[in-house]
Amino acid sequence: MERIPILKMGGYLLVTIQVDMHDRLALTLQDDLTDRIVKTHAKGVLIDISSLEVVDSFIGRMLCNIAAMSKVLDAETVVVGMRPAVAITLVELGLSLKGVRTALNVEKGMIALEQSIKRRMPGNGRLGS
Amino acid sequence: MAVLAHEMLSLKSSEDVVLARQLVRKWAVDMGFSLVDQTKIVTAASELARNTVLHGGGGTMQIESLNDQDRRGLKLVFEDQGPGIPDVERALRDGFTTGGGLGLGLGGARRLSNDFDIQSCPGEGTRIHFTRWRS
C-alpha cells in the first residue's frame, strides 16, 4: 500500500509530503503518525508541505487532526513551508488551521519545536528564575 | 459567450479527485492564470470533485475555456445523479456538513469563484457551475 514516509530524527518525527495525496493516503498518514508517536515516544512532529501546490479543506482537516492528536499524545506539531498562494487560498476558503503551529521553513520549524518542548519541561530553559 | 475548448473527466473515486486537480491545473496554466488564481481554481475543483464523489455517488467534471468579449474564463461543471441537496442555502453556509468534513467545501468553493451556480433537485442530482475569469 502507498504510504508517506515518516523519518525519525532524535526525538522528532519528520514528514515531507511530496505527492498529490488522495484522501485515503491522507488518512493513512494521520494513523501512521499517531502510531509512530506512541512507538517512538517522539516529543515533536515536523510536517513539511513545501511541495504541496494545493491544501484543500480535507488536507487542512488532516493537519488540524494531526496537531490535536499529537498534543494529546504529549508531542508538539509544527507545519512548515506553506507556499504563499496556498496560504492566500486557505484564508479565502475559510480555513484558519486553528491549533496548528506553523513556521516558514524546516530550520525555523525545528527551532519552534525545541522552544515549545523546552517550555513544557519544568526548570529547563528557565534556570535561575 | 463562446466555448473555445472543453474536456470531460469521470469522477468515481478519491483517485479521480487527484486527477481532477491535475487536469484543472493544466488548463489553468495553459490559459495563463496567475499562480494564485491557479491555486484558487484547483482548490475549488478539489472541493467540488470530492463532493461529487462523496455526496453525489460519482459523476462528471466538464472543463471549458470561455471567451466573453475581451475576457477569458475557465468554467467547471460538476454533475451527478445523486440524492441532490435539499436545502442549497444551508449547504452553502460554513460549518454545514454531512460528510464528516469541516463544512467548508461548497461555501469555500463559491468564495474562490467569480460566478457560481448550483442547480439541485432532491432525488435527481446536482449540477454546479464554477467560473473564474482571468484578471
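Here, every reference points to the structure presented above.
Residues numbered from 1 in each chain as written. Chains lettered and ligands numbered in written order. Predicted model: local features only at pLDDT ≥ 70, side-chain atom pairs only at ≥ 80, totals over all residues.

Caption draft 1: View of the sheet that holds strand 3 (residues 44-48) of chain A. Residues and elements named next belong to chain A. Read from one edge of the open sheet, five strands run 1-2-3-4-5, paired in mixed fashion. With partners counted over all chains shown, the strands left at the sheet margins are strand 1 (6-9) and strand 5 (101-103), one partner each. Put simply, the sheet's adjacent strands are angled 25 degrees from each other on average, direction ignored. Against the sheet, helix 1 (residues 23-40) makes contact with strand 1, strand 2 (12-16) and strand 3, and its axis sits at roughly 160 degrees relative to strand 2, the strand it touches most. Strand contacts of helix 2 (residues 57-72): strand 3 and strand 4 (76-80), with the helix running at about 155 degrees to strand 4, the strand carrying the most contacts. (Pairing = 2+ DSSP bridges. Helix = DSSP H or I, 4+ residues; strand = E, 2+ residues; numbered from the N terminus. Axes fitted to C-alpha atoms, helices over the stretch in contact; angles between N-to-C directions. Contact = placed C-beta atoms within 7 Å.)

Caption draft 2: Highlighting helix 1 of chain A. If you check helix 1 of chain A, its first and last C-alpha atoms are 26 Å apart, about what 18 residues at 1.5 Å a residue would give, namely 26 Å. Residues of helix 1 of chain A that are buried make contact with strand 1, strand 2, strand 3 and helix 2 of chain A together with helix 1 (14-30) of chain B. Looking one or two residues past helix 1 of chain A, His41(A) carries a phi angle of roughly 55 degrees, positive in sign. (Expected span 1.5 Å × (residues − 1).)

Caption draft 3: Here's a closer look at the sheet that holds strand 2 (residues 59-68) of chain B. Residues and elements named next belong to chain B. Strand order in the open sheet formed by five strands is 1-2-3-5-4, with antiparallel pairing between adjacent strands. Of all the strands in the sheet, the pair left with one neighbour each is strand 1 (2-11) and strand 4 (115-121). On average, each strand axis in the sheet is inclined to that of its neighbour by 15 degrees, with strand direction left out of account. Direction of pairing for strand 3 (residues 71-80) relative to strand 5 (residues 125-133): antiparallel, over a ladder of eight bridges. If you follow lysine 75 over to strand 5, its bridge partner there is threonine 131. Taken strand by strand, helix 1 contacts strand 1, strand 2 and strand 3, and its axis lies near 160 degrees from that of strand 1. Against the sheet, helix 2 (residues 35-54) engages strand 1, strand 2, strand 3 and strand 5, with an angle of about 15 degrees to strand 3.

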